[in-house]
Amino acid sequence: MEFKDIKELIRVFDKSDLNKLKIKDGEFEISMQTGFDGGSIVTAAAPAVQAAPAPVAATTSVTAETAAPITGDTINSPMIGTFYASPSPESSAFVKVGDTVKAGQTLCILEAMKIMNEVEAEFDCKIVKVLVEDSNPVEYDMPLFVVEKI
């Protein structure tokens, strides 16, 4: 299964009334479950043996983030992955609080399955708050930035 197919599957599952979903295709297996604190668990196993602690860690960060209510417009994560604020550890962040960004400008990178995915602004906006610290795991549809639309 390709990465774009997995992203779409997660999006459809999140909007459905299903609580559990498990798909197995040869050596590829993915299972998703909802039903705790409004979050969802997604685990995927590729042909190589993988440990499952990463989704648990992501769930923990989601619970911590949802403790404080978020007000205003947000830019949310389009996938599960690891948040990176800059293109490399020695580089400055793509955006910081107070920056004005244009539609299509890169805001951060999300690493998922060893693939670096740039998250771009969908509209012109001003960054009010960065909600995720560098190198932390994020869930699908988790708020990453609080913004003011321009």
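Structural data are supplied above this passage.
Reading the values: the criteria
- Residues numbered from 1 in each chain as written.
- Predicted model: local features only at pLDDT ≥ 70, side-chain atom pairs only at ≥ 80, totals over all residues.
- Heavy atoms only, no water.
- Pairing = 2+ DSSP bridges.
- Helix = DSSP H or I, 4+ residues; strand = E, 2+ residues; numbered from the N terminus.
- Core = buried A, V, L, I, M, F, W, Y, C linked by side-chain atoms within 4.5 Å.
- Buried < 20%, exposed > 50% of the residue type's maximum accessible area, 1.4 Å probe, protein only.
- Contact = heavy atoms within 4.5 Å.

K.L.:
So what about the pairing of strand β11 (residues 143-149)? Which residues, and what values?
P.N.:
Note: strand β4 (residues 73-76) against β11, four bridges, orientation antiparallel. Bridge pairing in β11 places Ile75 opposite Phe145. Where strand β9 (residues 125-130) and β11 come together, five bridges link them in antiparallel fashion. Bridged to Lys126 within β11 is Glu148.

K.L.:
Can you lay out the pairing of β9 for me, pointing to particular residues and giving the numbers?
P.N.:
Two elements, strand β6 (residues 100-101) and β9, share two bridges in a ladder whose sense is antiparallel. Residue Thr100 lies in a different strand from β9, and its bridge partner there is Lys126.

K.L.:
Describe the nonpolar core, naming the residues involved and giving the relevant values.
P.N.:
Generally speaking, a soluble globular protein has its nonpolar side chains buried in company with each other. In terms of nonpolar packing, the biggest core is built from 23 residues, with Phe83, Leu107 and Phe145 touching the most fellow members. Mapped onto this core, the elements with two or more residues apiece are β7 (106-112), β9 and β11. Once residues within four sequence positions are removed from consideration, Phe145 is found in contact with Asp73, Thr74, Ile75, Phe83, Val95, Leu107, Cys108, Ile127, Lys129, Val130 and Leu131. Core analysis: the next-biggest nonpolar cluster, separate from the first, contains eight residues, Ile6, Leu9, Phe28 and Tyr140 among them.

So yeah, pure geometry; function would need other evidence.
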